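Listed below, chain by chain, are the residues.
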Amino acid sequence: MSPVSPAMRAFLVPARPPRPARLALVTGAAVLGLALTACSGGAAATDRGAGGGGGAAPSEAAAPAAISVSPHGTSAVAGRPVTVTLAAGKLREVTVSADGGGALTGRISADGRTWTSDRMAAPGTTYRVKARDTSGSGDTASFTTRAAGKVNKLTLAPGKNTTVGIAQPLSIVFDNPVKDKAAVEKALKVSTSNDTEGAWGWVRDHSGRDRVDWRPEKYWKPGTRITLDAELNGVDSGPAGGFFVRDYATAFTVGASQVVEVDLDRHRLTLRRDGRTVMDVPVSGGTPGGDKRSWRGTAVLMSKEGTINMRSETVGLGDAYDKMVDYSMRLTWSGMYAHAAPWNAAYFGRANHSSGCVGMSDADAAALYRQVRVGDPFEITGKDTKGTVAEGNGYGAWNVSWADWRTRSALG
């Protein structure tokens, strides 16, 4: 048998075709297998003249690289970012979707190796991960987080799509204690229609619960639109507080500039709108010399409650009173109102002789009630008062300097 020439060997042994990219899902640590191969086809042998030529066999396909996903498993810990890490090569896109239609946004690192979610994995949720690399290979995985052992909730003020006065803060009261205030505050996104600068400040609500308020340096400009997106789903508020399991949102608009000035020394109440006086009426404030004195400072109109039953035991006063009171406008949680007080008519404009509220005639109270709105500031002055309205006793944040208020943020 005659020997086979090199050229004939190239003809008889065809070049090996490139292997297709392989996908593999490695179990245990929720590892996604992505094929990151650079396949090249073998060239046909050519006759290079006397002496012949040889064909070059194609290179082997590279082994698939792995993507690890954290958290992983069926009982994963919530409250952490989701990370998808590629062992070699570069990520092109990653999607992490939650059962129910939600999705986590995220960012790929500068080296292309890691994707990290912007938000935390929420408790009691199944997530499905899809990833593709720059060569087009991809795979999927999933994990489920444990349900929250304790859930924290909140109450927002003011109400959604309301129009409020120029002193109304954005206020959030939490059902359970918030130990990790920085984590919660980071999730609270405030935007305004005119780029108003403002700051969050943590206070103790009159109810004893944790509260955080957002206010500008000065009263709002009329017409400002304020929007809150509280991206709290998956945030852990800390020991004894529990996880948040939903997001919250609200928006409100600032109305006309109205300021109510209450001068307890002159026994007068003045309503100014856009700097113009529209009411100036006689009043009687809290009786000097004891627990019946009124508060001073800036109190914000919290609610217009109409006709209500006022009883002395609810505000800790010894001598009993039990009255139905008209045109009641709440100024503090501790029970200071502006309202009609016809039984005190002899003292209007002359002396302070109430149980702590600012009283006036039926006609004047009705006129004021019609014109003021929730969020209007009542600026109260007077020598013989029982102190300044505290931040958590209604909305007393305006009694704190701007410099001091900004130190109350958990983010520094």
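Our subject in this report is the structure included herewith. (Residues numbered from 1 in each chain as written. Predicted model: local features only at pLDDT ≥ 70, side-chain atom pairs only at ≥ 80, totals over all residues. Heavy atoms only, no water.)

1. Notes on the sheet that holds strand β5 (residues 91-98)
Reasoning step 1: Strand order in the open sheet formed by four strands is β6-β5-β9-β10, and the pairing between neighbours is antiparallel. Taken across any chain shown, the strands that pair with only one partner, and hence form the sheet edges, are β6 (103-104) and β10 (138-144).
Reasoning step 2: As paired elements, β5 and β6 share two bridges and run antiparallel to each other. Residue Ser97 lies in a different strand from β6, and its bridge partner there is Ala103. (Pairing = 2+ DSSP bridges. Helix = DSSP H or I, 4+ residues; strand = E, 2+ residues; numbered from the N terminus.)

2. Details of the nonpolar core
Reasoning step 1: Val262, Leu269, Met360, Leu368 and Phe378 are the most contacted members of the largest nonpolar core, which totals 26 residues.
Reasoning step 2: Looking at this core, the elements with two or more residues in it are β19 (258-263), β20 (268-273), β21 (276-282), β25 (337-340), β26 (358-360), α3 (362-371) and β27 (377-381).
Reasoning step 3: Top element by residues in this core is α3. It accounts for four residues.
Reasoning step 4: Apart from the residues lying within four places of it in its own chain, the contact partners of Leu269 are Val260, Glu261, Val262, Met279, Asp280, Val281, Val283, Val358, Met360, Leu368 and Phe378.
Reasoning step 5: Leu154, Ile166, Val184 and Val235 belong to the second largest nonpolar core, which has 25 residues in total. (Core = buried A, V, L, I, M, F, W, Y, C linked by side-chain atoms within 4.5 Å. Buried < 20%, exposed > 50% of the residue type's maximum accessible area, 1.4 Å probe, protein only. Contact = heavy atoms within 4.5 Å.)

3. Some details on the pairing of β27
Reasoning step 1: The sheet contact formed by β19 and β27 spans four bridges and is parallel. Along β27, the bridge assignment pairs Asp263 with Thr381.
Reasoning step 2: Sheet topology places strand β22 (residues 297-300) next to β27; four bridges connect them, and they run antiparallel. Pairing of Ala299 across the sheet is with Phe378, part of β27.

4. Examining the packing of aromatic side chains
The geometry of an aromatic ring pair is captured by the separation of the ring centres together with the interplanar angle, meaning the angle of the planes.
Reasoning step 1: Evaluation of the coordinates by the stated rule reveals seven aromatic pairs.
Reasoning step 2: Seen in terms of ring centroids, Phe174 and Trp202 are 5.7 Å apart; in terms of plane orientation they differ by 20°. Their pairing is stacked. A residue pair is termed long-range when its members are at least 10 positions apart, and Phe174 in strand β13 (residues 170-174) and Trp202 in strand β15 (residues 198-204) qualify at 28 residues. Of the two residues, Phe174 and Trp202, neither departs from the other in class, the shared state being buried.
Reasoning step 3: Three or more aromatic residues joined by ring pairs make a cluster, and in this case those are Phe174, Trp202 and Phe244.
Reasoning step 4: The ring centre of Trp202 lies 5.4 Å from the NZ or CZ of Lys181, which sits over that ring. (Phe/Tyr/Trp six-rings, centres within 6.5 Å; stacked < 30°, edge-to-face > 60°. Lys NZ or Arg CZ within 6 Å of the ring centre and 35° of its normal.)

5. Overview of the environment of Asp376
Reasoning step 1: With respect to the helices and strands, Asp376 occurs in the loop between α3 and β27.
Reasoning step 2: Spatially, the C-alpha atom of Asp376 lies 7.3 Å from that of Val164, the residues being 212 residues apart in sequence.
Reasoning step 3: For Asp376, the contacting residues outside a window of four places in its chain are Gly165, Ile166, Gln258, Ala299, Val300 and Leu301.
Reasoning step 4: Polar side-chain contacts of Asp376 include one of 2.7 Å to the side chain of Gln258. (Polar contact = N/O pair within 3.5 Å; in protein donor to acceptor, adjacent residues only side chain to side chain.)

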